[in-house]
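A structural walkthrough
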Amino acid sequence: MVAGCSLGGFTKSIFDTAYPLSALIANTYGEMMSIPLYDAAILAAAFILLIVTAVSNMIGWGILLHLERKS
């Protein structure tokens, strides 16, 4: 939890504390079963995290393939 897990909204600087999506999912997982709308919101956050991770991996693979072909 290097980001600090702060609930203050949007950060003004990259050095401010934040609330990462993975921490949001982990901290609210127990409450997810009781409220259906909350369930959908947490699953949407998990889907966003999955998409961001997949896109980052694809960009990284693309850069590695480009560098391998270049040398």
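All values reported here derive from a predicted model rather than from experimental measurement.

Moving on to the overall build of the chain. When its secondary structure is counted, the chain shows 2 helices and 0 strands. Within the chain, the proportion of its 71 residues that are buried is 8%. Restricting to contacts in the chain with at least 6 residues of sequence separation, those with at least 24 account for 15%. A total of about 6,000 Å² of accessible surface is found on the chain, and carbon and sulfur atoms cover 71% of it.

Okay, a nonpolar patch on the surface next. A cluster of nonpolar side chains, Phe47, Leu50, Ile51, Val55, Ile59, Ile63 and Leu67, forms an exposed patch at the surface whose accessible area comes to about 670 Å². Here leucine 50 shows up in helix α2 (residues 36-70).

Within the secondary structure layout, threonine 28 lies in helix α1 (residues 21-28). Given the relative accessible area of 7%, threonine 28 is considered buried. In this structure the side chain of threonine 28 is engaged in a polar contact, spanning 2.6 Å, whose partner is the backbone oxygen of leucine 24. Discounting residues that sit within four places of it in the chain, threonine 28 has contacts with Tyr38 and Ile42.

Another point: the packing of α1 against α2. Where α1 meets α2, the axes come as close as 9 Å, and the angle between the chain directions of the two elements is 145°. Between α1 and α2 lies a crossing of left-handed hand. In this structure, α1 uses Leu21, Ser22, Leu24, Ile25 and Thr28 to contact α2, whose residues at the interface are Tyr38, Ile42, Ala45, Ala46, Ile48 and Leu49. Considering only residue class, the contact of α1 with α2 consists of 9 nonpolar, 2 polar and no charged.

Let us now look at α1. Think of an α-helix as turning once every 3.6 residues; residues three or four places apart then point the same way. Here α1 has its buried residues at Ala23, Ile25 and Thr28. Residues of α1 that are buried in the fold lie against α2.

Thresholds applied
Residues numbered from 1 in each chain as written. Predicted model: local features only at pLDDT ≥ 70, side-chain atom pairs only at ≥ 80, totals over all residues. Heavy atoms only, no water. Helix = DSSP H or I, 4+ residues; strand = E, 2+ residues; numbered from the N terminus. Buried < 20%, exposed > 50% of the residue type's maximum accessible area, 1.4 Å probe, protein only. Contact = heavy atoms within 4.5 Å. Areas by Shrake-Rupley, 256 points an atom, 1.4 Å probe, with all protein chains shown as cover. Patch = residues over 30% accessible without salt bridge, like charges linked within 9 Å, V, L, I, M, F, W, Y side chains within 5 Å. Salt bridge = Lys/Arg side-chain N within 4 Å of Asp/Glu carboxyl O. Polar contact = N/O pair within 3.5 Å; in protein donor to acceptor, adjacent residues only side chain to side chain. Axes fitted to C-alpha atoms, helices over the stretch in contact; angles between N-to-C directions. Left-handed = near helix turned anticlockwise from the far one by under 90°. Nonpolar A, V, L, I, M, F, W, Y, C, P; charged D, E, K, R; others polar.

By themselves, these figures tell us nothing about what the structure is for.
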